[in-house]
Amino acid sequence: MTLTEKDSQYLWHPYTQHKTSQTPIAITRAEDALLWDENNKEYIDAIASWWVNPFGHSNKFIADAIYKQLTTLEHVLFGGFTHEPAVKVAEKLMEILPKNQQKIFFSDNGSTAVEVAIKVALQYFFNKNEKRTTIIAFENAFHGDTFAAMAASGISFYTQAFQGMFIDVVRIPVPVKGLEQASFEALENAIKNNNCAGFIFEPLVQGAAGMVMYEQEALAKLIQICKENNVLTIADEVMTGFGKTGKTFAMDYVSEEPDMICLSKALTGGTIPMAITTFTQDIFDAFYDDDINKALFHGHTFTANPTGCAAALASMDLLLTNQMQQNIQRINASHLSFQKKIENHPKVITARTLGVIFAVEIKSNSEESYYGSMRTKLYNFFIEKGVVLRPVGNIVYILPPYIMTNQQLQKVYTTIEEAIEMV
Ligand SMILES: *Cc1c(COP(=O)(O)O)cnc(C)c1O
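Everything quoted here is computed from the prediction, not taken from an experiment. (Residues numbered from 1 in each chain as written. Predicted model: local features only at pLDDT ≥ 70, side-chain atom pairs only at ≥ 80, totals over all residues. Heavy atoms only, no water.)

Student: Got a minute to help me understand the site of the ligand in this structure?
Tutor: Lining the immediate surroundings of the ligand are Trp-51, Asn-109, Gly-110, Ser-111, Phe-142, His-143, Gly-144, Glu-202, Asp-236, Val-238, Met-239 and Lys-265. Interatomic distance of 3.3 Å between a side-chain N/O atom of Asn-109 and an oxygen atom of the ligand. Asp-236 places a side-chain nitrogen or oxygen 2.7 Å from a nitrogen atom of the ligand. Considered class by class, the residues forming the shell around the ligand number four nonpolar, five polar and three charged. (Near = heavy atom within 4 Å. Polar contact = N/O pair within 3.5 Å; in protein donor to acceptor, adjacent residues only side chain to side chain. Nonpolar A, V, L, I, M, F, W, Y, C, P; charged D, E, K, R; others polar.)

Student: Which parts of the structure should I look at to understand the environment of Gly-56?
Tutor: With respect to the element layout, Gly-56 can be found in the loop between helix H2 (48-51) and helix H3 (60-70). In the structure, Gly-56 is positioned 348 residues away from Met-404 in sequence and 7.8 Å away in space, judged by C-alpha atoms. (Helix = DSSP H or I, 4+ residues; strand = E, 2+ residues; numbered from the N terminus.)

Student: Quick question: what am I supposed to make of a nonpolar patch on the surface here?
Tutor: Where nonpolar side chains cluster on the molecular surface, the patch consists of Phe-147, Phe-162 and Met-165 and spans about 280 Å² of accessible area. For Phe-147, the position within the fold is in helix H6 (residues 147-152). (Patch = residues over 30% accessible without salt bridge, like charges linked within 9 Å, V, L, I, M, F, W, Y side chains within 5 Å. Areas by Shrake-Rupley, 256 points an atom, 1.4 Å probe, with all protein chains shown as cover. Salt bridge = Lys/Arg side-chain N within 4 Å of Asp/Glu carboxyl O.)

Student: Can you walk me through the nonpolar core in this structure?
Tutor: Soluble globular proteins: nonpolar side chains tend toward being buried together. By size, the foremost hydrophobic cluster in this structure holds 106 residues, and its most contacted members are Leu-93, Leu-389 and Ile-416. It is helix H11 (residues 306-319) that provides the largest number of residues to this core, a total of eight residues. Counting residues in each nonpolar core, the second largest holds 27 residues, with Ile-118, Val-238, Ala-275 and Ala-286 among its members. (Core = buried A, V, L, I, M, F, W, Y, C linked by side-chain atoms within 4.5 Å. Buried < 20%, exposed > 50% of the residue type's maximum accessible area, 1.4 Å probe, protein only.)

Student: Explanation requested: the sheet that holds strand E13 (residues 348-354) in the structure shown.
Tutor: The strands making up a sheet associate through backbone hydrogen bonding, with each pair oriented either parallel or antiparallel. Across the sheet, three strands lie side by side as E13-E14-E16; this open sheet has antiparallel pairing. Each having just a single partner strand, E13 and strand E16 (395-398) make up the two edges of the open sheet. Between one strand axis and the next, the sheet turns by 10° as a mean value, whatever way the strands run. Two strands pair when backbone bridges link them, and E13 and strand E14 (residues 357-362) are joined in this way by six bridges, in the antiparallel orientation. Note on E14: the bridge partner recorded for Leu-354 is Ile-357. (Pairing = 2+ DSSP bridges. Axes fitted to C-alpha atoms, helices over the stretch in contact; angles between N-to-C directions.)

Student: Explain the packing of H3 against H11 here, please?
Tutor: Each pair of packed helices can be summarised by the angle the axes make with each other and by the distance between the axes. The geometry of H3 relative to H11 is characterised by a closest axis approach of 8 Å and an angle of 150° between their N-to-C directions. Compared by their axis directions, H3 and H11 come out roughly antiparallel. The element H3 and its partner H11 pack so that their crossing is right-handed. On the side of H3, the interface is formed by Phe-61, Ile-62, Ala-65, Ile-66, Gln-69 and Leu-70, while H11 contributes Pro-306, Thr-307, Ala-310, Ala-311, Ala-314, Ser-315, Asp-317 and Leu-318. The residue inventory of the contact of H3 with H11, partitioned by class, reads ten nonpolar, three polar and one charged. (Parallel < 35°, antiparallel > 145°, perpendicular 65-115°, else oblique. Left-handed = near helix turned anticlockwise from the far one by under 90°. Contact = heavy atoms within 4.5 Å.)

Student: In this structure, what is going on with the domain arrangement of the protein? I would like to understand it.
Tutor: Size of an interface, as often reported, equals the accessible area lost when the parts are brought together. Here the protein is described as being made up of domain 1 (3-59 + 322-422) and domain 2 (63-319). Computed from C-alpha coordinates alone, the two centres of domain 1 and domain 2 are separated by 26 Å. Across the boundary between the two partners, domain 1 contributes 26 residues, which contact 29 residues of domain 2. Taking both sides of the interface into account, the surface hidden between domain 1 and domain 2 amounts to around 2,500 Å²; carbon and sulfur atoms contribute 67%. Our enumeration of links across domain 1 and domain 2 arrives at eleven residue pairs in polar contact (both at pLDDT 80 or more). (Domains from an automatic or database assignment. Buried area = accessible area lost by both parts, 1.4 Å probe.)

Student: Can you help me understand the UniProt feature "binding site: pyridoxal 5'-phosphate" (unreviewed entry) in the protein in this one?
Tutor: As recorded in UniProt, the sites labelled "binding site: pyridoxal 5'-phosphate" (unreviewed entry) are Gly-110, Ser-111, Asp-236, His-300 and Thr-301. In summary, the annotated positions, distributed over 192 residues, remain apart in three dimensions as well, the widest C-alpha pair reaching 22.9 Å. Considering the arrangement of structural elements, one finds His-300 in the loop between helix H10 (281-285) and H11. Residue classification places His-300 among the partly exposed positions, given a relative accessible area of 23%. In contact with His-300, other than residues within four places in its own chain, are Ser-107, Asp-108 and Thr-112. (UniProt positions renumbered as here; feature names shortened; annotations may be inferred.)

Student: Looking at this structure, I do not really get the sheet that holds strand E11 (residues 260-263). What am I missing?
Tutor: Strand order in the open sheet made by the seven strands is E4-E12-E11-E10-E7-E5-E6, with mixed pairing throughout. At either margin of the open sheet sits one strand with a lone partner, and together these are strand E4 (103-107) and strand E6 (169-172). Strand-to-strand, the axes of this sheet are offset by a mean angle of 20°, without reference to chain direction. Against the sheet, helix H5 (residues 110-127) makes contact with E4, strand E5 (134-138), strand E7 (196-201), strand E10 (232-236), E11 and strand E12 (275-279), and its axis sits at roughly 30° relative to E12, the strand it touches most.

Here it is, written out as structure tokens:
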């Protein structure tokens, strides 16, 4: 039996309708921006394997750090114990995060980073004897698949089976061009009509919605409104963090600082699952008490896993090198010229770029759904050409590893141009 035959016998894949989906491609090795399947066919990983892998696959520097940690202290429980890798990750993050972030809490993935932030927002007011139980989130947001994260998410594919079982969430429009005022007013109304504890948002770019972008001034205004009303703000930087937007964090563009930040995906350079939620001192203080009931009773067995911490430290070191920063600028410049080249194409609705993130919306005769027919046609075309891109409906986006070569980038662009002609 081949790998894919054995796979179909035993394995259940994420976001997959197994009856109608194609068999998965069995990848046997990877290096830098390239993947190879069991027949030795080569693919360019143009989405950094779901946005986690900025420094390239099978990265030696991170692998060495992981090996060293694995053979020194692979894991120790974090309840009642601590260790150097966790402390060093905290110190490093304090250097690069917005200045008001003072405490970090470890978990395992983007969803748990969000779950922790939402629970902390709710318990913050519980601890202060204030009844605030509603969370505000954007339309078409994506914050993950655990229950509170799912409640905050607004893409129906992920949440429809669970409607009616969620914590209270009020949804407001994303302040894309022309909708800024509507977004501000919706936020003010949400706060006026509900007992709002927190506002969670993907800063500047909504990833899973199809790389929907909005301006930093609008986000600053929304955060200001929350601050005036004592509503906690949660920046979900799970996708945008660690250089994707051209700055270390998307919040680095924004004049207002959030109360909490969620990190995962590129945190460990795509090697080991790990996540972090960061907090202001004020939030930590609301849990700091003689009363044990005011503590945060949340934790995961693998909290602050030292091997994951070692991977995170190596990743942050790589990110901050001049070489990597130049790579980010190089890809950004390259995207901008590609955008200029295709944005007036008759089949293109719009194209947009921020940092290494590029997206193009392709015209379609019918209403295109998230996993609709155009998406399948595009996806198959890209795979056949040896380029890994996962369109969202009629939106094709690129989020390459920062080390992708110019030649590889050009091949990705050319393939997208061919796809636009093909559909
Ligand atoms: C991917 C993502 C999540 C969820 O992360 P997982 O590791 O898949 O649980 C949450 N928020 C945003 C913005 C994401 O892009």
